[in-house]
Amino acid sequence: ASRGLTSVGMAGGSPESLRQLQAVRDAGNPVRVGFMFYETHFPAVEALGLKSGFGDDLLRLTSIKVFHGNSLTGRTAWLSEPYSDRPGYYGIPPARSQEDLDKAFQQMHDAGWQIATHTNGDREIDMVLTAIERAQAKNPRPDPRHRLEHASIMTQALLDRARKDGVILVFHAYMWEHGEKLESFGEKRLAMMHPYRTALDMGIHVAGHSDSTVSAADPLLRIQDMVTRRGSNGKEYGANQRVTVDEAIKVWTLDGAYATFEEKIKGSITPGKLADFVVLQADPRKVAPDKIKDIVVEATYVGGQVVYSAPAAAEAVRPGATRSAGN
């Protein structure tokens, strides 16, 4: 709440971790939680007849979390062209065949679940989109909103398919922490890495995430990352994919709510919604782009109630940050 988070997503858990979160909710957790079951627990979840959306406004089941592919920063993501600094190396192929992936997706899709798939390399993403397309072709569901988590290395052809399939792209924004690790992918791929600008221009639904602890669960830093595409070393990575501050804020609010089927109750300060919002000491649109991360969260409201209030004294400033002038 001190970082201005009113809702978080737990991207993979078990029935036991869900019970723990239920206890936290009952004890007065100030932050709403969307919960994803790991795919390994899908048989048990299916036996109980649970579906996406089960729960309440404080703890809701959102998705089944699937892993298909490997790591971008770990240089194991499966690519269609070799890594720029390692000829002949394409990364590590996913463990599952297309046939096995298709079968798994069909079962989860038929059971009414939203599928959220960890996938980074373009060859991995191609397989995931194929599985989604085949599942929907066999059992057309209105607006299933399946998600790609990270979707790091995209191509125009993959973006075209994602738009056609109604898939939500949940991109990273972690150039601040990991920009140097991405240089080995080459300028061509950097220009289509976490391509917020291109996807938004195409009308694709996107959302942001931190993948904490891979990068900090700090929306203001993540928004700055999207706006500047600049690492902590001052270098820019894929600057052609920069977005405006307003666009970045929408990605982290209303578009995030859309990604969990909650846009009618969250994501904007609108009559009839849950009244989750934050008060910032400065307007992100009026400070220097590389100072957005330093803006102090003055207060966080969930359900119209204050769940966090910053001390008024100077010690409220984050370590290493410069307090911005208030508006």
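The text that follows walks through the structure, step by step, so that each part is easy to find. Note that the structure is a prediction, hence the values are computed from the model and not measured.

## Some words on the overall build of the protein
When helices and strands are counted, the protein shows eleven helices and ten strands. Its C-alpha atoms give the protein a radius of gyration of 20 Å, within 12% of the compact-globule value 20 Å for 327 residues. Taken along the three principal axes of its C-alpha coordinates, the protein extends 60 × 50 × 30 Å. Buried residues in the protein amount to 50% of all 327 residues. Looking at the protein alone, contacts between residues at least 24 apart form 70% of all its contacts between residues at least 6 apart. Surface exposure of the protein reaches about 14,600 Å², of which carbon and sulfur atoms provide 54%. Within the protein, the 40 negative side-chain charges are centred at a point lying 1 Å from the centre of the 39 positive side-chain charges.

## A few points about the sheet that holds strand β7 (residues 206-208)
The sheet built from seven strands is open, its strands ordered β1-β2-β3-β4-β5-β6-β7 with parallel pairing. With partners counted over all chains shown, the strands left at the sheet margins are β1 (7-13) and β7, one partner each. Averaged over all pairs of adjacent strands, the angle between their axes in this sheet comes to 25°, without regard to strand direction. Sitting on the sheet, helix α1 (residues 15-26) is in contact with β1, β2 (32-38) and β3 (59-67), with an inclination near 170° to β2.

## Here we look at the nonpolar core
Ranked by size, the top nonpolar core spans 55 residues in total, and within it F37, F105, W113, L148 and L169 carry the most contacts. Take this core: its biggest share by element is six residues, from helix α4 (residues 122-138). Here F37 is in contact with G13, S14, P15, L18, V45, L50, L61, S63, I64, K65 and W113, once residues within four sequence places are set aside. Core analysis: the next-biggest nonpolar cluster, separate from the first, contains 13 residues, L72, Y83, Y174 and M193 among them.

## A word on the packing of α4 against helix α5 (residues 156-165)
Contact geometry of α4 with α5 gives a least axis separation of 11 Å together with a crossing angle of 25°. Of the possible angle classes, the one that applies to α4 and α5 is roughly parallel. Every pair of crossing elements has a handedness; the one defined by α4 and α5 is left-handed. Here α4 contributes D122, I125, D126, L129, T130 and E133 to the contact with α5, which in turn contributes L158, R161, A162 and D165. Here the residues of the contact of α4 with α5 sort into four nonpolar, one polar and five charged.

## What about the pairing of β1?
The sheet contact formed by β1 and β2 spans six bridges and is parallel. Note that in β2 the partner of M10 across the bridge is F35. Taking the sense of rotation as the criterion, the β-α-β connection linking β1, α1 and β2 turns out right-handed.

## Quick word on the sheet that holds strand β8 (residues 277-280)
Across a sheet, paired strands are connected by hydrogen bonds in the backbone, their directions being either parallel or antiparallel. Across the sheet, three strands lie side by side as β8-β9-β10; this open sheet has antiparallel pairing. On the outer flanks of this sheet lie β8 and β10 (305-309), each paired with one strand and no other. Adjacent strand axes in the sheet meet at a mean angle of 20° when their direction is disregarded. Inspection of the sheet shows strand β9 (residues 297-302) paired to β10 by four bridges, in the antiparallel sense. Paired with A299 across the bridge in β10 is S309.

About the cut-offs
- Residues numbered from 1 in each chain as written.
- Predicted model: local features only at pLDDT ≥ 70, side-chain atom pairs only at ≥ 80, totals over all residues.
- Heavy atoms only, no water.
- Helix = DSSP H or I, 4+ residues; strand = E, 2+ residues; numbered from the N terminus.
- Rg over C-alpha atoms; globule rule 2.2 N^0.38 Å.
- Buried < 20%, exposed > 50% of the residue type's maximum accessible area, 1.4 Å probe, protein only.
- Contact = heavy atoms within 4.5 Å.
- Areas by Shrake-Rupley, 256 points an atom, 1.4 Å probe, with all protein chains shown as cover.
- Lys, Arg positive; Asp, Glu negative; His and termini not counted.
- Charge placed at Lys NZ, Arg CZ, Asp CG, Glu CD.
- Pairing = 2+ DSSP bridges.
- Axes fitted to C-alpha atoms, helices over the stretch in contact; angles between N-to-C directions.
- Core = buried A, V, L, I, M, F, W, Y, C linked by side-chain atoms within 4.5 Å.
- Parallel < 35°, antiparallel > 145°, perpendicular 65-115°, else oblique.
- Left-handed = near helix turned anticlockwise from the far one by under 90°.
- Nonpolar A, V, L, I, M, F, W, Y, C, P; charged D, E, K, R; others polar.
- Right-handed = clockwise from strand over helix to strand, strands pointing away.

The values are spatial; any link to function lies outside them.
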